[in-house]
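Inside the fold
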Amino acid sequence: MNIYETREGARLAMIKGKKGHWNRWGPFLSERAWGTVREDYSADGTAWSYFPHDHARSRAYRWNEDGLAGICDRHQYLCFALALWNGRDPFLKERLFGLTGPEGNHGEDVKEYYSYLDSTPTHSYMKYLYKYPQAAYPYDQLLEGNLLRTKLDDEYELVDTGVFDQGRYFDVVVEYAKADDEDLLIRVHVSNRGPESAEIHVLPTLWFRNTWRWGYDTRRPTIMLRTNDLQRQDRVSTLISTHWYLGEYALYCSDADDVLFTENESNSERLWGIPSSTPYVKDAFHQYLVKGRRMAVNPAGVGTKAAVCYTRTINRGETATIDLRLASTRRANPLQAPFADFGSLLKERHKEADDFYEVVLPKKLSKDAVLVARQAFAGMLWSKQYYHYVVSDWLEGDPGNSVPPQERWHGRNHDWKHLFTRDVISMPDKWEFPWFASWDLGFHCVALAQVDPHFAKGQILLMMREWYMHPNGQVPAYEWDFNGVNPPVLALAARAVFEIDRQHTGVADYAFLERVFQKMLLNFTWWVNRKDAFGKNIFQGGFLGMDNIGAFDRDNLPPGYLLGQADGTSWMAAFAKSMLSTALLLAEKNPIYEDLASKFWEHYVYIANSMNNRKDPKDTLWDEKDGFFYDHLISQRHDPFPVRARTMVGFVPMFGATTVPADTFDRYPDFQRRREWFIEHRPDLVDSIEPMIVPGINNSLILGLVRPDQLRRMLAYMLDEEEFLSPYGVRAVSRYHKDHPLILNLAGQEYRLDYEPGESRTNLFGGNSNWRGPIWIPMNFLILMALKQYYLYYGDAFKVECPTGSGKMMNLDQIAEELSRRLTNIFLPQQDGTRPVFGSCSLFNSDPHWRDLIPFHEYFHGDTGRGCGASHQTGWTGLIAQILMGLDEGFMPDSYRKPKN
């Protein structure tokens, strides 16, 4: 049975066939819209201070909305989310709070506890949990506590303040279920975990994104209250929203205490000391409830923002439930009995979600593994976000508003004026990284393809559209710097998604692959023309996603130096290999692609020879003395020399390897003739890539950079527990550097690389991520894939010690399984019942209301497995679901599978 044979799969098929709109509504509301580049109109690009958290409740957003446990339509015209008040907070809890980059001792950091518990890919069923303290939220305490700490200290977290002691908090659970594509059931459960009764105010809020204030379209939508005798008897209040594009929607609210109305307009008086355009402003509900200002809301019962008020006193251990329903009136007039079928529909959609994941997840998985995998998928699906950014409008400013500072025309993103985004995109983390990152997105799509191949394919294609990709062929990196250079992983991701989709559907989507291939030709050319400074197939690229992994900032080199990057060059080899294999696949339908396959075969060989020349040690990034790949510093004053940093950079040459049967090329006669000519006439080049020429033990060839003698030496480092091998995966920097830091003196300045297994101790790239020792799931995932491919070539005859020095010999497939086990142990309960991801926090590890809420952090402590960095980066950390499912089934092409014994 495949996913499309389930009820949820049938909805996916409707979307794919454009026969239904089950993707019209979803969790597309950001967790944070303040402090973003889009909302920053400052002269110096200080996004955090230009639009701080303190402004968010009062100031209308220009580009995107945010909210708590929120949803919106895919154009983000109409939004719904919760607001909460415990009677003690200084303002309504309408959005998640966190510290900005300058405020946190390790950069920006959300200081809240919330979990994405469940979601189907069409969002026919979703579940979200927020933990709301009953005491006043300690905003100042968190700020002051972190400002007093240094890079050498742990972060001061919300749990450290004591607000959750004795269970004095509410579990606020929101469930969404779709009756159809424009009819959403909403159930809010509020549970008191404390020792005594406590009061809470719950304000489900409906509002329109402000599209009328900026001078382009002045049409203003409305929300108003509609009642009739039948609904009054049933204690149902109905809000009617009317929009020029969406039409009319009704929000049905059961047993409401009050309904409030205002406008989604800035409170200019509070913010800037000038009169507001209306007396009813964005923060009116805060003023009404917290400040007691009854005149703050519109007594006429109309506006562009409305809230339904529920005040509940909940006894200890008990739960209050609130039901709402948001439905279009396009197909029918407002429902007369909106809650008659509510419970049965909610239960039905929940069961359909269970049925869907029973098909997605292998039967072999334990109950705990299913829990982790399902929450990983939930996090990825909840992390879709409507992303809106039109760079030309952002630079010019809006008609009728003040002209932005002229410095911006020479500042951030000024040369990306073509970029025009208003799409639902998979985000790395909707609070810490509420913007797309192109290389993250490649990893997202590999995992998302298991549950929604059509969406995954669409995301990859989106990055290549002409309103994203630069006319010169560069793929935009991320909004803080679209010019940043990320590893070229989209072509590799596209091939993986193609295979997963074929596994699910039984149909090979050659059209998708061809569209990707055509655009990647432009991107490959950009790399060759822009990032090979000497024209010798040794590539640069700068930080390449691994922010502070070097002794110095690889985006800002010491004066007078260039850097020949082992990872940049290896990524380009993997890119060329991917283009080669894709060209051959497309040649099955159109032989003209054999010419392009020949081009990429030769380019691959040139790159391989440049970085891994067997004959001339001066023309290689391989260090024969150490048995490792290193970056090389290049200067006019002396010969290139290696930067002897034992880091993940040295393993990137393994990535992207592909094994094929030795007779594969016989199916492509034109390509085979050119390949044989090249092998015969350029022995100086092919000598460096023997495994690509000589069949292995399983009569296969491998398109891979690393020779067998090199692989053994590299694995000796990787599998050494005193170097890279952690109990929880492969570290990004060797533990060797703990006692042997790399110190370089260049251009009169000292540069240093230490082993730092947890949060960053440097300010490179903002200091909120760290590649100097922690475990990163995407890099480990690529290692696993490489080991699987090399095993297909070498078979059981190739064995090494694992761990190094243990005397225990393993083949490469067994090593991949051992690394997978270590990675999954980050999230799974250990023998003592604790999960390493929680670190030493006893509340998280032992409390029944916390211990099964899995966080998917950005990276993990290199020694303990504790989660570090962004706490909801199910973007690429969601790959753990694929690792739990296994890397053999439903992922690799049939011809690449494990050899038969």
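Structural data are supplied above this passage.
Now for a look at the structure at hand. (Residues numbered from 1 in each chain as written. Predicted model: local features only at pLDDT ≥ 70, side-chain atom pairs only at ≥ 80, totals over all residues. Heavy atoms only, no water.)

Moving on, we get to the overall build of the chain. Along the chain, the regular secondary structure elements total 25 helices and 34 strands. Relative to the 2.2 N^0.38 estimate, which gives 29 Å for 901 residues, the radius of gyration of the chain is 28 Å and therefore close to what a compact globule would have. In terms of principal-axis extent, the alpha carbons of the chain reach across some 90 × 60 × 60 Å. Going through the 901 residues of the chain one by one, you find that 66% of them count as buried. Surface accessibility of the chain: about 32,100 Å² in total, with carbon and sulfur atoms responsible for 49%. Within the chain, one finds 100 positive and 117 negative side-chain charges whose respective centroids are separated by 2 Å. (Helix = DSSP H or I, 4+ residues; strand = E, 2+ residues; numbered from the N terminus. Rg over C-alpha atoms; globule rule 2.2 N^0.38 Å. Buried < 20%, exposed > 50% of the residue type's maximum accessible area, 1.4 Å probe, protein only. Areas by Shrake-Rupley, 256 points an atom, 1.4 Å probe, with all protein chains shown as cover. Lys, Arg positive; Asp, Glu negative; His and termini not counted. Charge placed at Lys NZ, Arg CZ, Asp CG, Glu CD.)

Two numbers describe how helix α11 (residues 438–448) lies on helix α21 (residues 777–794): the axes approach to 11 Å, and their chain directions differ by 60°. It follows from the interaxial angle that α11 and α21 lie oblique. Helix-helix and strand crossings are classified by hand; for α11 and α21 the assignment is left-handed. From α11, Trp 439, Phe 443 and Val 446 reach across to α21, where they touch Pro 778, Met 779, Phe 781 and Leu 782. Of the residues assigned to the contact of α11 with α21, the class counts are seven nonpolar, no polar and no charged. (Axes fitted to C-alpha atoms, helices over the stretch in contact; angles between N-to-C directions. Parallel < 35°, antiparallel > 145°, perpendicular 65-115°, else oblique. Left-handed = near helix turned anticlockwise from the far one by under 90°. Contact = heavy atoms within 4.5 Å. Nonpolar A, V, L, I, M, F, W, Y, C, P; charged D, E, K, R; others polar.)

Attention now goes to unusual backbone geometry. Cis rather than trans, the peptide bond between Cys 802 and Pro 803 has omega equal to -5°. One can find Pro 803 in the loop between β31 (799–801) and β32 (809–811). Positive phi is not limited to glycine here, since Asn 699 has a value of about 55°.

With that settled, the discussion passes to the nonpolar core. Formed by 202 residues in total, the largest nonpolar core has its most connected members in Met 648, Met 654, Met 779, Tyr 790 and Leu 812. Excluding anything up to four places from it in sequence, Met 648 contacts Met 546, Ile 549, Phe 655, Phe 724, Val 730, Arg 731, Ala 732, Met 779 and Ile 783. Within the second largest apolar cluster, 70 residues are counted, among which are Ala 69, Val 172, Leu 239 and Ala 256. (Core = buried A, V, L, I, M, F, W, Y, C linked by side-chain atoms within 4.5 Å.)

Our next topic: helix α16 (residues 593–611). Between its first and last C-alpha, α16 extends 27 Å over 19 residues, near the 27 Å set by a 1.5 Å rise per residue. Here α16 lies mainly inside the structure; 15 of its 19 residues are buried. (Expected span 1.5 Å × (residues − 1).)

Read across the open sheet, the six strands follow the order β1-β2-β3-β10-β16-β14; overall the sheet is antiparallel. Lying at the two open borders of the sheet, with one neighbouring strand each, are β1 (25–26) and β14 (258–262). (Pairing = 2+ DSSP bridges.)

This paragraph deals with the pairing of strand β6 (residues 114–119). The buried count for β6 comes to six of six residues, which makes it a mostly enclosed element. Taken together, the five bridges between β6 and strand β7 (residues 125–133) define a ladder with antiparallel strand orientation. For Ser 119, the partnering residue across the bridge sits in β7 and is Met 126. What sits between the antiparallel neighbours β6 and β7 is a turn of five residues, in which His 123 has the positive phi angle 65°.

Among the surface-exposed residues, Asp 663, Asp 666, Glu 676 and Glu 680 lie close enough to one another that they form a single negatively charged patch. Within the secondary structure, Glu 676 sits in helix α17 (residues 669–681). (Patch = residues over 30% accessible without salt bridge, like charges linked within 9 Å, V, L, I, M, F, W, Y side chains within 5 Å. Salt bridge = Lys/Arg side-chain N within 4 Å of Asp/Glu carboxyl O.)

Turning our eyes to something else, we now look at the pairing of strand β17 (residues 319–328). Burial runs high along β17: eight of the ten residues are buried. The pairing of strand β9 (residues 183–192) with β17 spans nine bridges and is classified as antiparallel. Residue Val 190 lies in a different strand from β17, and its bridge partner there is Ala 320. Relative to β17, strand β13 (residues 247–254) runs antiparallel, the two sharing five bridges. When the sheet's bridge partners are listed, Ala 250 is paired in β17 with Ala 327.

Geometric descriptors of this kind do not, in isolation, establish any biological role.
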